[in-house]
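# Secondary and tertiary structure notes
The primary structure of each chain is shown beneath.
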Number of protein chains: 2
Amino acid sequence: MAVAAGRTGRPTLAVVGATGAAGTVMLQILSHRADIWGEIRLIASPRSTGRKLAVRGEEVEVLALAEEVFDGVDVALFDVPDEIAERWAPIAAAKGAVVVDNSGAFRMDPEVPLVVPEVNPHALRVRPRGIVANPSCTTLCMIVALGALHAEYGLRELVASSYQAVSGAGRAGVDTLRRQISLVAGTELGTHPGDVRRAVGDDTGPFPEPVALNVVPWAGEARADGWSSEEMTVRDETRKVLGRPTLPVAVTCVRVPVVTAHSLTLHARFESEVTVAKAREILATAPGVVLFDDPGAGEFPTPADVVGTDPTWVGRVRRALDDPTALDFFVCGDNLRKGSALNTVQIAELVVGAKA
Amino acid sequence: MAVAAGRTGRPTLAVVGATGAAGTVMLQILSHRADIWGEIRLIASPRSTGRKLAVRGEEVEVLALAEEVFDGVDVALFDVPDEIAERWAPIAAAKGAVVVDNSGAFRMDPEVPLVVPEVNPHALRVRPRGIVANPSCTTLCMIVALGALHAEYGLRELVASSYQAVSGAGRAGVDTLRRQISLVAGTELGTHPGDVRRAVGDDTGPFPEPVALNVVPWAGEARADGWSSEEMTVRDETRKVLGRPTLPVAVTCVRVPVVTAHSLTLHARFESEVTVAKAREILATAPGVVLFDDPGAGEFPTPADVVGTDPTWVGRVRRALDDPTALDFFVCGDNLRKGSALNTVQIAELVVGAKA
């Protein structure tokens, strides 16, 4: 496509998976951030070829995924299933593009940096495969706040419990919750064993149990010794992003009937003694973090308030009563923005040297 | 009232607050458990005097709270606000009744035992004030499982996060969630900042924020250093019931859009090394506990399944990957049954020497 005159000489960005859930949010975010890109090329599976999508106020035609669409691309954002990423990211990289991949295919590859611009931007420099990975949404919703405290105090141990929104399971997750909410609205359901399950029937969508009027302590697939893949992912990614490969991390992932925005309770033990005053100062000034913490005045973040916003919101900051080196706090972030599309776009900006 | 012939000579039970939410569940539970009581006397505030309530298949007239209603009472179950309990429990005790109190008035009184029959039945023996306290619902929904593991391994530290049902805030909590669910059903709410709040308006009932399509990291009143009263209660009660007055406990209490049944994630560190096989054996055989734990086959407890049942349900049992002395697990229990009325009735049975 033609590039508007003022954009000549600027880097070319490709968005692979432009028609998907995260791709759609990427285009919204690209339309609102500093306009640093020359061409923005939209790529999807052949069945979407020819569709037009709006980005930066212009209609852009979607191209089918093929080797030649990467010609001249400087940075390619990938938001596609793991197996598509595994096949096509190396092809795009071989064509000279830096790939920023939002799938699970490369996150734990030792030759692929896993980057959160506010936490470990330096990791971006060494990318022998030409691929950079974006962490998963649950990690991203806590890691900016955790990273800021880690930079000051040195994290020694983490215990985390998640309150994960259904949109983490894609559009099918959202549709499932909305269908189930309609089935339970105006009823007395939720007071007898199995009554919600009977109302919902087998229609649990991507979840193993009903999610309306319920919480489901399971996300992902079964891994060794009773852990879920989601729990292992949060542990592995936290260690990799913070550069602490042996950090003790215990995570329990629980799905809750929230549409968008993941929350987590964190119990973080540090190398040295902490004070709430200093911790609050760190969080109040950390880029990408909003401290919203005055529970006596009703101030703490909830998903309903932070959905659609960019930062990691932090509240309920207090020192463990029995351990002067530990903090307990509550974090909340939009799993589709910082938890996915936004971090990918921030990495791309960092790759081409723009201010993240 | 007259006592049926077969019940002559059996102990007399009073239920104070018989018309309330927990009182109603107490009457249901008393109707289904072993019929060990002679008279069951129902007592409430004067405005309920003369109402008839069903217990053990009979209609029983409600008496107004007054000194003389405790004449001849062996055990009095109290489910009334703190200030009513503070005034009337000593009066009932002075009349010779053993009071089992479900308010917060006496839980931390060093002269009042805090009892969970499966965990510390021995504590019942020393009750100089003639009063026994029932723990709060959040503590009760985890403590039977935790106590069983503590008896074997010795608890050294606990990190807990709750997923608390709205009925923990009484009928107003349930009504609020149901109203809010009706307002969000069939809409696209939950995807823009504040859209749920705008739909709900100021109608947040007993909660500081909307609870439909949301989670609210706050329960109770503000205490020192950012902690909530509910979090301090769970900490204090856990220490008292387990007889470990200096146990390190870090709790974060979060309200979720579930009608009834509290859940908690627990990270429990013990005095010695644990194995999952042994922990599962302990939980599978502990009285009052059901182990439901095979996530690969879709087996873990959720509120929708355990509501209306008596036991503490446990799933997701696994050993911490970085600490051979720690277990991570998920517990779920009905906050109106074991979390309140059932434990009170069990204590009363223990007082008169019946099998709990």
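Rules used in this analysis
- Residues numbered from 1 in each chain as written.
- Chains lettered and ligands numbered in written order.
- Predicted model: local features only at pLDDT ≥ 70, side-chain atom pairs only at ≥ 80, totals over all residues.
- Heavy atoms only, no water.
- Axes fitted to C-alpha atoms, helices over the stretch in contact; angles between N-to-C directions.
- Helix = DSSP H or I, 4+ residues; strand = E, 2+ residues; numbered from the N terminus.
- Parallel < 35°, antiparallel > 145°, perpendicular 65-115°, else oblique.
- Left-handed = near helix turned anticlockwise from the far one by under 90°.
- Contact = heavy atoms within 4.5 Å.
- Nonpolar A, V, L, I, M, F, W, Y, C, P; charged D, E, K, R; others polar.
- Least-squares fit on C-alpha atoms with pLDDT ≥ 70 in both.
- Buried area = accessible area lost by both parts, 1.4 Å probe.
- Salt bridge = Lys/Arg side-chain N within 4 Å of Asp/Glu carboxyl O.
- Polar contact = N/O pair within 3.5 Å; in protein donor to acceptor, adjacent residues only side chain to side chain.
- Buried < 20%, exposed > 50% of the residue type's maximum accessible area, 1.4 Å probe, protein only.
- UniProt positions renumbered as here; feature names shortened; annotations may be inferred.
- Right-handed = clockwise from strand over helix to strand, strands pointing away.
- Pairing = 2+ DSSP bridges.
- Disulfide = S-S within 2.5 Å.
- Bend = angle between axes of the 7 residues up to and from the residue.
- 1 Å grid on protein atoms, 1.4 Å probe; cavity = no way out; pocket = protein on both sides within 12 Å on 5 of 7 lines; lining within 4 Å.
- Points joined across faces, edges and corners; volume = space filled by probe spheres on them.

All right, on to the packing of helix α1 (residues 21-32) of chain A against helix α9 (residues 337-351) of chain A then. Residues and elements named next belong to chain A. Two elements in contact, α1 and α9, have axes whose closest approach is 9 Å; the angle formed by their N-to-C orientations is 55°. When the axes of α1 and α9 are compared, the pair comes out oblique. Crossing geometry of α1 relative to α9 is assigned as right-handed. Contacts from Ala22, Val25, Met26, Gln28, Ile29 and Leu30 in α1 reach Arg337, Ser340, Ala341, Leu342, Thr344 and Val345 in α9. The residue makeup of the contact of α1 with α9, split by class, is eight nonpolar, three polar and one charged.

Before going further, it helps to examine the relation of the copies chain A and chain B. Mapping chain A onto chain B calls for a screw motion: a turn of 180° about the axis and a shift of 0.0 Å along it, with 0.0 Å RMSD after fitting. Taken together, the rotation angle and the small translation identify this as a two-fold axis. Most of the interface of chain A is mirrored in chain B: 100% of its interface residues are interface residues there too.

Turning our attention to the interface of chain A and chain B. Contact with chain A, which involves 77 residues of that partner, is made by 77 residues of chain B. Carbon and sulfur atoms make up 60% of the area that chain A and chain B hide from each other, which totals about 5800 Å². At the boundary of chain A and chain B, one finds twelve salt bridges. With a closest N to O distance of 2.5 Å, Asp322 of chain B and Arg235 of chain A form a salt bridge. The tally of links between chain A and chain B comes to 40 residue pairs in polar contact (both at pLDDT 80 or more). Partitioning the side of chain A that touches chain B into residue classes produces 38 nonpolar, 22 polar and 17 charged.

A few words on the pattern of salt bridges. Any two side chains of opposite charge can pair if their charged atoms end up close together. Evaluated as defined, the whole model comprises 48 salt bridges over all chains. A salt bridge links Asp322 of chain B to Arg239 of chain A, with the nearest nitrogen and oxygen atoms 2.8 Å apart. Linking Asp322 of chain B in the loop between β12 (312-319) and β13 (326-333) with Arg239 of chain A in helix α6 (residues 229-242), this pair reaches from one chain into another. Judged by relative accessible area, Arg239 of chain A falls into the buried class, the value being 13%.

What follows is about the UniProt feature "binding site: NADP(+)" (unreviewed entry) in chain A. Residues and elements named next belong to chain A. UniProt feature "binding site: NADP(+)" (unreviewed entry): in the numbering of this structure it lies at Arg47, Ser48, Ser167, Gly168 and Asn335. Spatial dispersion of the annotated residues is evident: they stretch over 289 residues in sequence, and the largest pairwise C-alpha distance comes to 27.1 Å. Using a relative accessible area of 77% as the deciding quantity, one classes Arg47 as exposed. Residue contacts for Ser167: discarding those within four places in its chain leaves Val174, Val259, Thr260, Asn335 and Leu336.

Residues and elements named next belong to chain B. For strand β2 (residues 40-44), the tally of buried residues reaches five of five residues, placing the bulk of the element in the interior. With burial as the criterion, each face of β2 is covered, one bearing Ile40, Leu42 and Ala44 and the other bearing Arg41 and Ile43. Crossover strand β1 (residues 13-16) to β2 through helix α1 (residues 21-32) is right-handed. The sheet contact formed by β2 and strand β4 (residues 58-64) spans three bridges and is parallel. When the sheet's bridge partners are listed, Ala44 is paired in β4 with Ala64.

Turning next to the side chain of Ser228 of chain A. Tracing the chain through its elements places Ser228 of chain A in the loop between α5 (195-200) and α6. Residues in contact with Ser228 of chain A, not counting those within four places in the same chain, are Trp218, Ala219, Glu221 and Arg223 of chain A together with Arg316 of chain B.

Once that is clear, we can look at the environment of Asn120 of chain B. Residue and element names in this part refer to chain B. Here Asn120 lies in the loop between β6 (98-101) and β7 (131-133). What makes Asn120 buried here is its relative accessible area of 3%. Among the polar contacts listed, one links the side chain of Asn120 to the backbone oxygen of Leu114, at a separation of 2.8 Å.

Residues and elements named next belong to chain B. Strand order in the open sheet formed by six strands is β9-β8-β10-β13-β12-β11, with mixed pairing between adjacent strands. The open sheet has two edge strands with one neighbour each: β9 (249-252) and β11 (289-291). Pairwise comparison of adjacent strand axes, ignoring direction, gives a mean angle of 25° for this sheet. Taken together, the four bridges between strand β8 (residues 155-163) and β9 define a ladder with parallel strand orientation. When the sheet's bridge partners are listed, Ala160 is paired in β9 with Val251.

This next bit is on the state of the cysteines. For the structure on display, the rule yields zero disulfides over all chains. Free of any disulfide, Cys332 of chain A has its nearest neighbouring cysteine sulfur in Cys141 of chain A, separated by 8.1 Å. Looking at the unpaired Cys141 of chain B, the closest cysteine sulfur is the one in Cys137 of chain B, lying at 6.2 Å.

Residue and element names in this part refer to chain B. Residues Val98 and Val100 line one face of β6 and the alternating positions Val99 and Asp101 line the opposite face, and both faces are buried. Across four bridges, the pairing between strand β5 (residues 75-78) and β6 is parallel. Bridge pairing in β6 links Ala76 to Val99.

So, on to the UniProt feature "binding site: phosphate" (unreviewed entry) in chain A. According to UniProt, the positions carrying the feature "binding site: phosphate" (unreviewed entry) are Arg107 of chain A. Counting through the fold element by element, Arg107 of chain A comes out in the loop between β6 (98-101) and β7 (131-133).

Take α9 of chain A next. All names here are of chain A. Of all the bends in α9, the greatest measures close to 40° and is centred on Asn343. Burial of α9 is extensive: 14 of the 15 residues sit out of reach of the surface. Downstream of α9 by one or two residues, Gly353 has phi in the positive range, about 85°.

Once that is clear, we can look at empty space enclosed by the protein. Tallied over the full model, the rule gives three cavities of 30 Å³ or more. Considering only enclosed or pocket space, the largest cavity measures out at about 100 Å³ in volume. Elements represented by at least two residues in the lining of the largest cavity include exactly β8 (155-163), β9 (249-252) and β10 (262-270) of chain A together with β8 and β10 (262-270) of chain B. Along the lines of polarity and charge, the residues of the lining of the largest cavity split into seven nonpolar, eight polar and two charged.

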